[in-house]
Amino acid sequence: MRILLIEDERKIANALKRGLEQESYAVDVAYDGQEGYGRAMVGKFDILILDRMLPGIADGLDICRAMRKANMHQPVLLLTARDATRDRVEGLDNGADDYLVKPFSFEELLARIRALLRRPEQTADTTLRVGDLELHPDTFHVQRAGQRIELSRKEFALLEYLMRNENRILSKEQIITHVWDFDADILPNTVEAFIASLRQKIDKPYKDHPLLHTVRGFGYRIAV
Ligand code: CA
């Protein structure tokens, strides 16, 4: 899952980026309103963490408003320094989905992100399932036919992205966009290498029922 973080306080931004990457999110950071606005409107992220007070032409509320006006529906988590009712209401009125008041605990931020990324039909159970393959985003647990599978962080992020898009063909470019961040130097054959190692782990022991499919010339798809 890919996160766009717009936060002008570099210390906070960099600490959040490091922490979120440890949790296997791909994180892009913008340090001011103008850059943040540009990145936000490109839309290549799954969730936006947005500081409300930003220097530059656009503050957090402007960015949020512009996204909603452009019919962009990615979840927005607003960070605000003030715990005033008016500020919170203003944020939610301008299209934010949730807010956190600084200072907040990293654990709470993670919980809010998980809640916002949960699809409506998965509210009761966050487990992703494709056939007999299960992935638990909250605990990093993956199993197939009841057998636990050990994955690296990147393999886990890749599998989660594929499973959240069950039956959809995902191009290498889409995979790079959602699983790696802008700064990472990723080549299409890096994706191939990760797909190959994932396939070894989730499909090889179950050769008769592969779940990870290569669609020649288009990309990859996970399906029963
Ligand atoms: Ca700020």
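Residues numbered from 1 in each chain as written. Predicted model: local features only at pLDDT ≥ 70, side-chain atom pairs only at ≥ 80, totals over all residues. Heavy atoms only, no water.

S.K.: Got a minute to help me understand helix 1 (residues 10–22) in this structure?
M.R.: The α-helix advances 3.6 residues per turn, and as a result positions three or four apart in sequence lie on the same side. The end-to-end C-alpha distance of helix 1 is 18 Å, a good match for the 18 Å that 13 residues give at a rise of 1.5 Å each. For helix 1, the full list of buried residues reads Ala13, Leu16, Lys17, Gly19 and Leu20. Looking at the buried positions of helix 1, the neighbouring elements they touch are strand 1 (2–6), strand 2 (26–30), strand 3 (47–51), strand 4 (76–80) and helix 5 (106–117). Within two residues after helix 1, Ser24 carries a phi angle of roughly 70 degrees, on the positive side. (Helix = DSSP H or I, 4+ residues; strand = E, 2+ residues; numbered from the N terminus. Expected span 1.5 Å × (residues − 1). Buried < 20%, exposed > 50% of the residue type's maximum accessible area, 1.4 Å probe, protein only. Contact = heavy atoms within 4.5 Å.)

S.K.: Even after reading the chapter, I still don't get the packing of helix 6 (residues 153–164) against helix 7 (residues 172–179), so can you show me in this structure?
M.R.: Helix-helix packing is characterised by the crossing angle of the two axes and by the distance between the axes. Their axes nearest at 10 Å, the elements helix 6 and helix 7 cross at an angle of 120 degrees. With respect to helix 7, the element helix 6 is oriented oblique. With respect to the hand of their crossing, helix 6 and helix 7 are arranged in right-handed fashion. In this structure, helix 6 contributes Lys154, Ala157, Leu158 and Tyr161 to the contact, and helix 7 contributes Gln174, Ile175, His178 and Val179. Split by residue class, the contact of helix 6 with helix 7 holds 5 nonpolar, 2 polar and 1 charged. (Axes fitted to C-alpha atoms, helices over the stretch in contact; angles between N-to-C directions. Parallel < 35°, antiparallel > 145°, perpendicular 65-115°, else oblique. Left-handed = near helix turned anticlockwise from the far one by under 90°. Nonpolar A, V, L, I, M, F, W, Y, C, P; charged D, E, K, R; others polar.)

S.K.: So what exactly am I meant to see when it comes to the environment of Gln147 here?
M.R.: With respect to the helices and strands, Gln147 occurs in strand 9 (residues 147–148). Between the C-alpha atoms of Gln147 and Gly217, which are 70 residues apart in sequence, the distance is 32 Å. Look past the residues within four positions of Gln147 in its chain and what remains in contact with it is Val142 and Tyr206.

S.K.: What is the right way to read the coordination of the calcium ion from this model?
M.R.: The textbook angles at a metal center are 109.5 degrees for a tetrahedron of four donors and 90 or 180 degrees for an octahedron of six. Surrounding the calcium ion are the protein donor atoms Asp8 (OD), Asp51 (OD) and Met53 (O), at 2.1 to 2.4 Å. All donors to the calcium ion come from one chain, and their sequence spacing reads D-x42-D-x1-M. Here the residue Asp8 occupies a position in the loop between strand 1 and helix 1, and Asp51 occupies one in strand 3, the gap between them amounting to 43 residues. (Donors = N, O, S within 2.8 Å, 3.2 Å for Na, K, Ca; no water.)

S.K.: Could you clarify how one ought to interpret the nonpolar core in this entry?
M.R.: Within soluble globular proteins, side chains that are nonpolar tend to cluster in buried spots. Within the largest apolar cluster, 47 residues are counted, with the highest numbers of intra-cluster contacts made by Ile113 and Leu159. It is helix 6 that provides the largest number of residues to this core, a total of 7 residues. Residues from two domains meet in this core; each of domain 1 (2–117) and domain 2 (128–222) gives at least three. Non-local contacts of Leu159, meaning those with residues more than four positions away in its chain, are made with Leu133, Leu135, Val142, Leu151, Leu198, Ile202 and Ile222. Counting 17 residues, the second largest nonpolar core, distinct from the first, contains Leu4, Ile6, Leu50 and Ile63. (Core = buried A, V, L, I, M, F, W, Y, C linked by side-chain atoms within 4.5 Å. Domains from an automatic or database assignment.)

S.K.: Help me understand the layout of surface pockets in this model?
M.R.: Over the atoms a probe the size of a water molecule is rolled, and this reveals where empty space is left. Taken as a whole, the second largest pocket encloses approximately 230 Å³ of empty space. Contributing to the lining of the second largest pocket are 17 residues, with Tyr25, Arg114, Pro137, Asp138 and Glu160 lying nearest its centre. Listed by contribution, the elements that provide at least two residues to the lining of the second largest pocket are helix 5 and helix 6. If one sorts the elements of the lining of the second largest pocket by residue count, helix 5 sits on top with 4 residues. Here the residues of the lining of the second largest pocket sort into 7 nonpolar, 3 polar and 7 charged. Residue assignment places the lining of the second largest pocket across two domains, with domain 1 (2–117) and domain 2 (128–222) each supplying three or more. (1 Å grid on protein atoms, 1.4 Å probe; cavity = no way out; pocket = protein on both sides within 12 Å on 5 of 7 lines; lining within 4 Å. Points joined across faces, edges and corners; volume = space filled by probe spheres on them.)

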